[in-house]
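Structure assessment
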Amino acid sequence: MRLSVILGGCLLLAVVSAGRAQTTGTGQPGSYRQTEQSLQAAIEKNFFDAQTGFYREHMRPEKKDNKFSYLWPLCGLLQADNEIERLGAGSGLVDRTLGIIQQYYSPESPAPGFDSYVVKDGGGARFYDDNQWIGIAALDAYRRTGKINYLDVGKQVYRFMMTGFDTKAGGGLYWEEGNRKTKNTCSNGPGILVALQLYQATQDKKYLDTALLLYGWVNRSLQAPSGLYYDNLNLTTGKADRHLYAYNSGTMLQANVYLYTLTKEQQYLERAVRIADSSSAYFCADGKLRDGYWFSAVLLRAYQHLLQVYPDPQYVRRFAACVDDALQEDRHSSGLMGKPNPSDLVNQSGMLEILARLAFLEKQHYLGGLAGTPLFRFGVIADVQYADQDNAGTRHYRSSLRKLGEAVDTMNAAGVDFVLSLGDFIDKGFESFAPLNKITDRLKMPLYHVLGNHDFNIGEEQSKKIFGINTGGGQTKKMFRTLGLKHPYYAFEKGGWRFIELDAGDVSLFGNPEGSEKYRQASAILQKLKAEKAVNAENWNGALGSEQLRWLKEQLDLAVRKGERVILTCHMPLYPDKGRDVLWESSEVARLIEPYKNVMAYLNGHVHVSQYFLRGGVNYVSFKGMVEQEDQAFAIVSVYPDHLEIKGFGKEHSWVLRNAH
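To keep things clear, this report deals only with the structure shown in the data block. (Residues numbered from 1 in each chain as written. Predicted model: local features only at pLDDT ≥ 70, side-chain atom pairs only at ≥ 80, totals over all residues. Heavy atoms only, no water.)

**Let's talk about the packing of aromatic side chains**
- Tallying each qualifying case throughout the model produces 40 aromatic pairs.
- Among the aromatic side chains, those forming a connected cluster through ring pairs are W72, W133, Y245, Y247, W294 and F295.
- The ring of F360 has R86 sitting right over it, with the charged end atom 4.0 Å from the ring centre.
- Over the ring of Y282 we find R290; its NZ or CZ atom is 3.9 Å from the centre of that ring. (Phe/Tyr/Trp six-rings, centres within 6.5 Å; stacked < 30°, edge-to-face > 60°. Lys NZ or Arg CZ within 6 Å of the ring centre and 35° of its normal.)

And the structure:
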């Protein structure tokens, strides 16, 4: 039967039945989807009591067990329900579990909230984190469905959790109502998430202010030097409990992702990546999950969220490998998790959520294996910057010959369709091109260059010859010819994709002779930027210029007419905002390309580090300079109809890029 449930003043529809409706996959299911279905069925069979409509704490009730489960396992099931519905693999699951959770609802002052145990059976203490896990899942469901009742649940949870705030020990939320002994990461981290989700949904600044208040307190009071988080602060002793749990790192990692998304402040992304690095190394060490399944599920939430702004798949792939180990070593014959005896309901729910999330990630191609054969593949090298000269700082110029040779061998073996060089093929001297070309002549596929600022650093006599052509003279354009270029910017088509190769030095001091019109334009732009104290007011940067911008728009329009997807390449980046090495007119170029929904990515070198930015639906990727130290750095990009997979070699990052328009 169907039952209308009043929850904190909002109407929920919950389906109460003898068991949870079984879900069916859509399309070709992957292994995680199949295992999730099996675990879901095993949980219903072994933990759900059809006569009472409640779940038990254990498969086989233990002497200490209550008649019904505590609230915490239902928080886990609620989040798993949302992830299963997100897969398109079921409906009504969230409402049904919220209906059961309603039986834990207590209207007691100072604010309504959920008891840790069924109210009609005596109730229990109220924990702020239990309530917050419900709020997080409900607000996730609101963002997915737009149903206002889920938003109302989140607001109710916020009102309750804020009754646990005071300024003792500098601020923060307590863990348990009425227990003033500790303030925990596990009640502040999820509290930050509830506040940020509400700010995202309502744009009410009070929620952002609360999130920042709690965020500052946790980082001051409970962050370890490693970037992970201690469990709690004891207010009696003033000392931190230094236990490290996966869910504490997970909530704070996700808090940084939300803050970066909402504020666009780079510091939050940098902090998120630091926590991801530290937590992955610690909690996924040796190919095994260090923490329990539910605690680990909260960490996976953060890794999955991080992909939206930093699509490096290493964290979810390492986590998935640990899950594969757990499924091999710890799966019971009943289909539940735990050997020799199945684990409690909270850890079953944790694994259920993990499997649903991994099934979603599998569908999105972040885990590999289901993407099929790419349309084509291409190699990427950046800032080879060879010269026969001694090392200078981190730049190991002579080593670039060896590294380029290794990259060529790898790309030949992989059978890529072509290779892109993102500029600064040499550091200086026209004679530096010859040994590089001798290596790239071994390529079994075309090599396409874009020009970098160092490519013009070839000596006065050679420059005169190049600039003679630029200004209409009759000299041989040796540098362009040696790079196989007929024009400094150009485009080509491959498999329904248009590649647009831009010239970052078309209007620059290094790319034009003194006295030329473009040199005068570059001087005027640079002086204006210096007057404005712009950080990119450097003579090694440049601009596309009005002529190239018109050409770029024509190419983008042509791609639209032909139904082509677009990848742009340029030596210089457009981001970060106020970056020292970005194109002089980076904002103007971004405003031009970002409205085009067929633009997938903008690839560049110049900065010598791996970077990623998502702006206006476009994936902006900077590639690491091959010249840096003795480390190898190049990539192979696999192009699929709906995404790009960048596989980094050596110190180059790997990314999975999706169309974000």
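**Side note on the nonpolar core**
- One finds L306, V323, F378, L552, I593 and Y602 to be the most contacted residues of the largest nonpolar core, which totals 203 residues.
- Counting residues per element, this core draws most heavily on helix 12 (residues 345-363), at eleven residues.
- Apart from the residues lying within four places of it in its own chain, the contact partners of F378 are V416, F418, L420, F499, I567, L603, A635, I636, V637 and V639.
- In terms of nonpolar packing, the next biggest core, distinct from the first, is built from seven residues, L526, L529, A537 and A543 among them. (Core = buried A, V, L, I, M, F, W, Y, C linked by side-chain atoms within 4.5 Å. Buried < 20%, exposed > 50% of the residue type's maximum accessible area, 1.4 Å probe, protein only. Helix = DSSP H or I, 4+ residues; strand = E, 2+ residues; numbered from the N terminus. Contact = heavy atoms within 4.5 Å.)

**Things to note about the pairing of strand 9 (residues 230-234)**
- A large share of strand 9 lies buried, amounting to four of its five residues.
- Across three bridges, the pairing between strand 9 and strand 10 (residues 240-244) is antiparallel. Across the sheet, residue Y230 finds its bridge partner in strand 10, namely L244.
- In sequence, strand 9 turns back onto strand 10 through a hairpin of five residues, with G238 there showing a positive phi of about 75 degrees. (Pairing = 2+ DSSP bridges.)

**Remarks on the environment of F127**
- You can see F127 is positioned in the loop between strand 6 (113-114) and helix 4 (128-145).
- Given the relative accessible area of 16%, F127 is considered buried.
- Sequence separation between F127 and S116 is eleven residues, and the spatial gap between their C-alpha atoms is 6.9 Å.

**Side note on the sheet that holds strand 13 (residues 447-449)**
- Here we have six strands laid out as an open sheet, ordered 13-12-11-20-21-22, and mixed in their pairing. With one partner strand each, in any of the chains shown, strand 13 and strand 22 (655-658) form the two edges of the open sheet. On average, each strand axis in the sheet is tilted by 20 degrees relative to the strand beside it, whichever way the strands run.
- As defined by bridge partners, strand 11 (residues 376-381) adjoins strand 20 (residues 633-639) across five bridges and the pair is classed as antiparallel. If you follow V380 over to strand 20, its bridge partner there is A635.
- Each of strand 11, strand 12 (418-421), strand 20 and strand 21 (643-650) touches helix 13 (residues 399-414); the most contacted strand, strand 20, lies at about 20 degrees to it. (Axes fitted to C-alpha atoms, helices over the stretch in contact; angles between N-to-C directions.)

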